[in-house]
Amino acid sequence: MASPSQRYRITVTPIEKDGLQCSGRCTIELEHRAQQDWMRLLEAARRQAGLSGDERAAAIVATQLLQDLARRHAEEPTHPLTALQPKLDEVLSALDAIQRAP
């Protein structure tokens, strides 16, 4: 398998009721090596109807994360995602169809 060409840092920060970011230790960060260029996927999705911009972005990032994780562990029979692969394929196909809808 070719090495991934894109690396992303994903940051999750809760927003307080007043609209400000939380204070203290409340941010989760992780890095992910991606098979596809998420920025290009997000730019293309912006022109599609159906979901709000935040919903589209979340669906694209979630789909790409799951696809990359499943691919990365596809040859490992004891990995938890391998057992879920048939159902995961169904979900990813459905999400892909939503993202491609006009």
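Conventions used here
Residues numbered from 1 in each chain as written. Predicted model: local features only at pLDDT ≥ 70, side-chain atom pairs only at ≥ 80, totals over all residues. Heavy atoms only, no water. Phe/Tyr/Trp six-rings, centres within 6.5 Å; stacked < 30°, edge-to-face > 60°. Helix = DSSP H or I, 4+ residues; strand = E, 2+ residues; numbered from the N terminus. Buried < 20%, exposed > 50% of the residue type's maximum accessible area, 1.4 Å probe, protein only. Polar contact = N/O pair within 3.5 Å; in protein donor to acceptor, adjacent residues only side chain to side chain. Contact = heavy atoms within 4.5 Å. pLDDT = per-residue confidence, 0-100. Salt bridge = Lys/Arg side-chain N within 4 Å of Asp/Glu carboxyl O.

**Quick word on the packing of aromatic side chains**
The geometry of an aromatic ring pair is captured by two quantities: the separation of the ring centres and the angle between the planes. The full count for this structure, using the stated rule, is one aromatic pair. On the numbers, 4.4 Å between centres and 5 degrees between planes, the contact of tyrosine 8 with tryptophan 38 is stacked. One end of the pair, tyrosine 8, is in strand 1 (residues 6–12); the other, tryptophan 38, is in helix 1 (residues 38–45), and 30 residues separate them in sequence. Just as tyrosine 8 is buried, tryptophan 38 falls in that class too.

**Quick look at the side chain of glutamine 64**
Along the polypeptide, glutamine 64 turns up in helix 2 (residues 53–72). In this structure glutamine 64 comes out as buried when scored by relative accessible area, which is 5%. In terms of polar contacts, glutamine 64 uses its side chain to reach the side chain of glutamine 67, at 3.3 Å. In this view, glutamine 64 contacts His32, Gln36, Trp38 and Leu41; residues no more than four positions away in its chain are not counted.

**Focus on the confidence of the model for the protein chain**
Model confidence for the protein chain is summarised by a mean pLDDT of 82, while 88% of its residues fall at 70 or above. Averaged pLDDT values for the elements of the protein chain fall to 82 in helix 3 (residues 80–100) and rise to 92 in strand 2 (residues 28–34).

**Looking at the pattern of salt bridges**
Where charged atoms of side chains with opposite charge meet at close range, the side chains can pair. Here the structure, examined in full by the defined rule, presents five salt bridges. The partner of arginine 7 in a salt bridge is glutamate 31, and the shortest N-O contact between them spans 2.9 Å. With arginine 7 in strand 1 and glutamate 31 in strand 2, this pair connects stretches of sequence that are 24 residues apart. Taking relative accessible area as the criterion, glutamate 31 reaches 42% and is therefore assigned partly exposed. For the salt bridge of glutamate 31 with arginine 9, the shortest nitrogen-to-oxygen distance reads 2.9 Å. Separated by 22 residues along the polypeptide, glutamate 31 in strand 2 and arginine 9 in strand 1 bring together distant segments of the chain. Residue classification places arginine 9 among the exposed residues on the basis of a relative accessible area of 54%. Salt bridges sharing partners connect three or more residues here, namely Arg7, Arg9, Glu29 and Glu31.

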